[in-house]
Amino acid sequence: MRVSNQMTVIAAYEQRTPRSRKHFEEVAQVIPAGATRSLNAWPPHPVYLESGAGMVVTDLDGNTYHDFLANYTALPLGYADPDITRALAEQVASGTVHSFSRTGERELAELLAARVPSVDKIRFTGSGTEAVMFALRLAKAYTRRTAVAKAEGGYHGTTDEVMISVRPAANLAGDAHAPRSVPEMAGIDESRVRETIVVPFNDIESSAAILRAHSDRLAALILEPVLGVGGMIPADREYLAAMREVCDELGIVLVFDEVITLRIAPGGAQEHYGVVPDITTMGKIVGGGMPIGAYGGRADLMALLEPRGGTDVYDARSGGPVLYQGGTFTGNALSIRAGITTMSKLDAAAITDLNAKGELLRRSVTEAVAGTPVALTVTGIGSLFNLHVGVKKVHTFRDLRGIDAARQHQLFIALLNRGAIIAPRGMGCVSTCTTTEDIEFFARAVNESLIDITGEC
Ligand SMILES: Cc1ncc(COP(=O)(O)O)c(C=O)c1O
């Protein structure tokens, strides 16, 4: 029954998307797996999008979808917001990237420093990945230590030092209270793995013990206040507060990775939780749909980025160590303009409204799936959510082991068939243009998709 029904969901998908299928076969000849982002390659083939406006995107076959993923939470105002479109058009007319800094950087920097409690000073980067890379290097230079700690299930971009234990296989991950450092893929060498210590998210006692055991070599603890890619699992406030205390005690720099969570309050998750890190990394919404990242923090830490004499950062007379930051497209005029427009529109009132929509969505979906034959749990906070198929409770990363991976994928495909986009692993969000009707539509689509994948009518 399950197999034949699975065929039905996949067959319906194939039938709706023949042009995407053809494109996939052709593009896979020149781009591995037919997608530049690994996440965008899924079986039997991805759909390819042509355009987007508000919440609605259109694929190559002319199918339309309500996009509850919004480029993995990067588009809080939806697609083609008129203010951003106008700002970008104006900017293009006077250049996209320039040889020297432009004044717009100051406006976005001041806006973020005024909002985010931990930020005295801030630097922009090309992506969230780069922001994390520079933030961790800053912590290492400041402490003169070499190792970093991260949570099991935490995702911080794609550099080697954080591509550790993001989704570790159960047979490699070790004890829940003393997780092993597991490289996510081939190509990450053993010496790097030894320098990344893994702590169990939301487990105060074990995390503190692990940090103590490695304190003499730990420069930083990097945490997402809500595990994002790891399932939209909010930290307990007590957990973050305890990690703050332990880091203070051991001289470890606490980094909050707010690339996703900055949207849950004007000052990010650190404002929501009332726990202030030493450095914050940001991305996604800060660029208003254009590529960006940023890292900011206490003035004494950020001072390591300031040359103190000499002619440039390479000049030995500058009295180093001075950290060098490069990036041809960093601080480009388009990202900065789109960022200023987005962050100005995303004021406290807009965020309150966004969070109320997120709350409504989580409640509506939870009600809509009660009584369906497949267990589904909705996690999240503010405007963020994640649907987990096959599990009843999710508080720690290890709780996700109960997920029915085959059905999770079927749900993703079934939702596409019904015109709704979430991430293959269930992540989603609402945008300022999401309406109550969109949320009702989504809750109904999840309910019907669960029925599609179980064969129950
Ligand atoms: C928490 C977190 N940190 C860092 C990153 C990396 O950002 P980027 O994809 O812009 O490199 C992501 C991306 O999803 C993220 O979710």
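Scoring rules and cut-offs
Residues numbered from 1 in each chain as written. Predicted model: local features only at pLDDT ≥ 70, side-chain atom pairs only at ≥ 80, totals over all residues. Heavy atoms only, no water. Helix = DSSP H or I, 4+ residues; strand = E, 2+ residues; numbered from the N terminus. Contact = heavy atoms within 4.5 Å. Areas by Shrake-Rupley, 256 points an atom, 1.4 Å probe, with all protein chains shown as cover. Lys, Arg positive; Asp, Glu negative; His and termini not counted. Charge placed at Lys NZ, Arg CZ, Asp CG, Glu CD. Buried < 20%, exposed > 50% of the residue type's maximum accessible area, 1.4 Å probe, protein only. Pairing = 2+ DSSP bridges. Polar contact = N/O pair within 3.5 Å; in protein donor to acceptor, adjacent residues only side chain to side chain. Expected span 1.5 Å × (residues − 1). Near = heavy atom within 4 Å. Nonpolar A, V, L, I, M, F, W, Y, C, P; charged D, E, K, R; others polar. Domains from an automatic or database assignment. Buried area = accessible area lost by both parts, 1.4 Å probe. Salt bridge = Lys/Arg side-chain N within 4 Å of Asp/Glu carboxyl O. Axes fitted to C-alpha atoms, helices over the stretch in contact; angles between N-to-C directions. Core = buried A, V, L, I, M, F, W, Y, C linked by side-chain atoms within 4.5 Å.

*Asks:* Would you mind showing me how to read the overall build of the protein here?
*Replies:* Of regular secondary structure, the protein possesses 15 helices and 18 strands. The principal-axis extent of the C-alpha atoms belonging to the protein is close to 75 × 55 × 45 Å. Looking at the protein alone, contacts between residues at least 24 apart form 69% of all its contacts between residues at least 6 apart. Looking at the protein as shown, the accessible area adds up to about 19000 Å², and 54% of this sits on carbon and sulfur atoms. Taking the 43 positively charged and 52 negatively charged side chains of the protein as two groups, their mean positions are separated by 2 Å.

*Asks:* Explanation requested: the pairing of strand E9 (residues 218–223) in the structure shown.
*Replies:* Along any regular strand, the residues point their side chains to alternate faces of the sheet. Burial within E9 is extensive, with six of its six residues counted as buried. Of the strand pairs in this sheet, strand E5 (residues 147–151) and E9 are connected by four bridges, and their pairing is parallel. Bridge assignment links Ala-149 to a residue of E9, and that residue is Leu-221. In this sheet, strand E12 (residues 253–257) lies alongside E9 in parallel orientation, the contact comprising four bridges. Following the sheet pairing, Leu-221 is matched in E12 by Leu-254.

*Asks:* Any chance you could explain the sheet that holds strand E17 (residues 420–421) here in plain terms?
*Replies:* Through backbone hydrogen bonds, the strands of a sheet pair up, either in parallel or in antiparallel fashion. With mixed pairing, the four strands of this open sheet are ordered in space as E1-E2-E3-E17. The two strands at the open ends of the sheet, each matched to only one other strand, are strand E1 (49–53) and E17. In the sheet, strand E3 (residues 64–67) pairs with E17 via two bridges, with the strands oriented parallel. By the bridge assignment for E17, Asp-67 is matched with Ile-421.

*Asks:* Where do I start with the environment of His-409 in this structure?
*Replies:* Along the chain, the position of His-409 falls in helix H14 (residues 405–417). As for His-409 and Ala-423, which are separated by 14 residues in sequence, their C-alpha atoms are 9.5 Å apart. The residues touching His-409, leaving out its near neighbours within four places in the chain, are Trp-42 and Pro-43. For His-409, the side chain forms a polar contact with the main-chain oxygen of Pro-43, separated by 2.9 Å.

*Asks:* Is there a simple way to explain H14 in this structure?
*Replies:* Each α-helix turn comprises 3.6 residues. Residues three or four places apart therefore point the same way. In this model H14 runs 19 Å from its N-terminal to its C-terminal C-alpha over 13 residues, within 8% of the 18 Å that 1.5 Å per residue would give. Buried within H14 are the following residues: Arg-407, Gln-408, Gln-410, Leu-411, Phe-412, Ile-413, Ala-414, Leu-415, Leu-416 and Asn-417. Downstream of H14 by one or two residues, Gly-419 has phi in the positive range, about 85°.

*Asks:* Whenever I open this one, the site of the ligand confuses me. Can you help?
*Replies:* Around the ligand lies a shell formed by Ser-127, Gly-128, Thr-129, Tyr-155, His-156, Gly-157, Glu-224, Asp-257, Val-259, Ile-260 and Lys-284. Take Gly-128: an N or O atom from its main chain is 2.9 Å from an oxygen atom of the ligand. Considered on its own, the ligand offers 390 Å² of accessible surface; in the complex 83% of this is hidden by protein. Across the shell around the ligand, the residue classes break down as three nonpolar, five polar and three charged.

*Asks:* Would you take a moment to explain the domain arrangement of the protein for this structure?
*Replies:* Many analyses report the size of an interface as the accessible area lost when the parts associate. According to the domain assignment, the protein consists of domain 1 (2–76 + 348–454) and domain 2 (82–345). Between the C-alpha centres of domain 1 and domain 2 there is a distance of 27 Å. At the junction of the two partners, domain 1 supplies 30 residues and domain 2 supplies 36 residues. A combined buried area of about 2500 Å² lies between domain 1 and domain 2, and 63% of that area is made up of carbon and sulfur atoms. Arg-398 is the salt-bridge partner of Glu-152, the closest N and O atoms lying 2.9 Å from each other. Of all elements in the fold, only helix H3 (70–73), helix H13 (348–369), strand E15 (376–381), strand E16 (384–389) and strand E18 (427–429) reach the threshold of two or more residues within the side of domain 1 that touches domain 2. At five residues, H13 tops the list of elements feeding residues into the side of domain 1 that touches domain 2. A breakdown of the residues in the side of domain 1 that touches domain 2 according to their chemical character gives 17 nonpolar, 10 polar and three charged.

*Asks:* I tried to follow the sheet that holds E16 on my own but got confused; where do I start?
*Replies:* Taken together, three strands build an open sheet; the order of strands is E15-E16-E18 and the sheet is antiparallel. The open sheet is flanked by E15 and E18, the only strands paired with a single partner. The sheet shows a mean angle of 25° between the axes of neighbouring strands, direction not considered. By the bridge criterion, three bridges tie E16 to E18 in an arrangement that is antiparallel. Directly across from Leu-384, in E18, lies its bridge partner Cys-429. H13 contacts E15 and E16 of the sheet and is inclined by roughly 175° relative to E15. Packing against the sheet, H14 makes contact with E15 and E16, and its axis sits at approximately 120° to E16.

*Asks:* I'm lost on the nonpolar core in this one. Help?
*Replies:* General note: in soluble globular proteins, nonpolar side chains tend to be found buried as a group. Counting 109 residues, the largest nonpolar core has Leu-211, Leu-221, Val-365, Leu-376, Leu-387 and Phe-442 as its most contacted members. The two domains that each donate at least three residues to this core are domain 1 (2–76 + 348–454) and domain 2 (82–345). Sequence-distant contacts of Leu-387, defined by excluding residues within four places in its chain, comprise Val-365, Leu-376, Thr-377, Val-378, Gln-408, Leu-411, Leu-415, Ile-422, Arg-425, Gly-426, Phe-442 and Val-446. In this structure, Ala-131, Val-132, Val-162 and Met-302 belong to the second largest nonpolar core, which totals 21 residues.

*Asks:* Just to check I follow, could you spell out unusual backbone geometry for this structure?
*Replies:* Between Pro-43 and the following residue, Pro-44, the backbone shows a cis peptide bond with an omega angle of 0°. Its location among the elements puts Pro-44 in the loop between helix H2 (18–27) and E1. A positive phi angle, near 50°, is found at Ala-80, a position not held by glycine. Note on placement: Ala-80 falls in the loop between H3 and helix H4 (82–92). Classification of Ala-80 as exposed rests on a relative accessible area of 53%. Unlike most non-glycine residues, Arg-144 shows phi in positive territory, near 55°. Mapped onto the elements, Arg-144 comes out in the loop between helix H6 (128–143) and E5.

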